[in-house]
Amino acid sequence: MSLIKSTLRILQSGSAKNQIYFHESKAIRAFSSCNKLRQDAKDTTASKINFYIDENKEKGYAILKFNKAPVNSLNLEFLTELNIQLEKFEESKEIKGIILTSNIPNIFSAGLDILEMYQIKQDRGSQFWTALQETWIKLYGSNKIYISAINGHSPAGGCLLSISCDYRIMSKGPYKIGLNETLLGIKAPFWFRDTMINTIGYRETEKALQLGKLYSPEEALSINLVDELAEPKELISKAEEQMSKWCAIPTVARELTKSSMRRDTLSKLIAQREADTQAFIEFTQRDSIQKSLRMYLESLKKPKKQSS
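Quick notes on the rules
Residues numbered from 1 in each chain as written. Predicted model: local features only at pLDDT ≥ 70, side-chain atom pairs only at ≥ 80, totals over all residues. Heavy atoms only, no water. Buried < 20%, exposed > 50% of the residue type's maximum accessible area, 1.4 Å probe, protein only. Helix = DSSP H or I, 4+ residues; strand = E, 2+ residues; numbered from the N terminus. Pairing = 2+ DSSP bridges. Right-handed = clockwise from strand over helix to strand, strands pointing away. Salt bridge = Lys/Arg side-chain N within 4 Å of Asp/Glu carboxyl O. Phe/Tyr/Trp six-rings, centres within 6.5 Å; stacked < 30°, edge-to-face > 60°.

Peer 1: What should I look at first to understand the pairing of strand β3 (residues 97–102) in this one?
Peer 2: Moving residue by residue along a regular strand, the side chains alternate between the two faces of the sheet. Counting buried residues in β3 gives six out of six residues, a clear majority hidden from the surface. Relative to β3, strand β2 (residues 61–66) is paired through six bridges, and the arrangement is parallel. Bridge assignment links Ile63 to a residue of β3, and that residue is Ile99. Each parallel crossover has a hand, and for β2 linked through helix α4 (residues 76–91) to β3 it is right-handed. Bridge count for β3 against strand β5 (residues 145–150) is four bridges, and the pairing is parallel. Across the sheet, residue Leu100 finds its bridge partner in β5, namely Ser148.

Peer 1: Would you explain the pattern of salt bridges in this entry?
Peer 2: Once their charged atoms are close, side chains differing in charge can pair, the charge on each being opposite to the other. Applying the stated rule across the entire model yields 15 salt bridges. Between Lys57 and Glu94 there is a salt bridge; the shortest N-O distance is 3.2 Å. Residue Lys57 is found in the loop between β1 (51–56) and β2, and its partner Glu94 is found in the loop between α4 and β3; the two are separated by 37 residues along the sequence. Sharing partners across several salt bridges, the network here consists of Glu55, Lys57 and Glu94.

Peer 1: For this particular structure, what's the right way to read the packing of aromatic side chains?
Peer 2: Each aromatic ring pair is specified by the distance between its two centres and by the angle formed by the two planes. If you walk through the whole model with that rule in mind, you get twelve aromatic pairs. Where Phe66 meets Phe78, the ring centres are 5.8 Å apart and the plane angle is 70°; that geometry is what we call edge-to-face. Placement of the pair is Phe66 in strand β2 and Phe78 in helix α4, with a sequence separation of twelve residues. By the burial criterion, Phe66 is buried, and Phe78 matches it.

Okay, here's the thing in structure tokens:
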């Protein structure tokens, strides 16, 4: 019996709440498998562009580097490919942990692709939001060890990816990280909020989300948004050092501990994924939201003023 299956069996034998979580997890895996079969039937050459993967099976971990120019924005296609790869990691018996980072200098991920929210059709919007939900569930609920090596800016959805990991190391430099959705006139979903609360605490999250606060690496370290800072050239080696420590912990004990810490937060979204998706569609279709998004997109087209 695999370690993952044995963990789920232990959870199943617990309370009714744990049994619900067990069956919901199976449904999610089935959904993922269907996505994988559909995707495998297509041309998969795009994955070679959007990601670089370096597996070190001898040491039991892999490094996944985002490579979607220019800023690793999260659109439906990118998230679909990412979910397929995360599922492959989850099924691997040789990979215990994954380091998430970026192949693009000075940017981890700029977050959600605004074009997925601007003048969207409902079918596309639903697929996009479902894919994002699945990414978070796979990361936050994974049995594997995830360490984010944040090599640059990581606002909004980029921050969500980071805080869904087990450990975060950020490069020193003029970078920013945080959930800044309110600056675009958007309310962060409850599962963004809850993940942030679990990371930095209630009061700091309350201020951060209302103000759309973006933190410098030093500020992020001071509130536990990241766990460690590193010089840019040492970022990956520091992440590998941490991964070795985490991989040395007895697997089943670590998995059970992680599951017990994160189960309630995961269950909230799992129980209401359809309602959350519908809320996203209805919210983004508001005239006021579309106006805010249009103004933001127009601002990106304006030439930047050159300093004298």
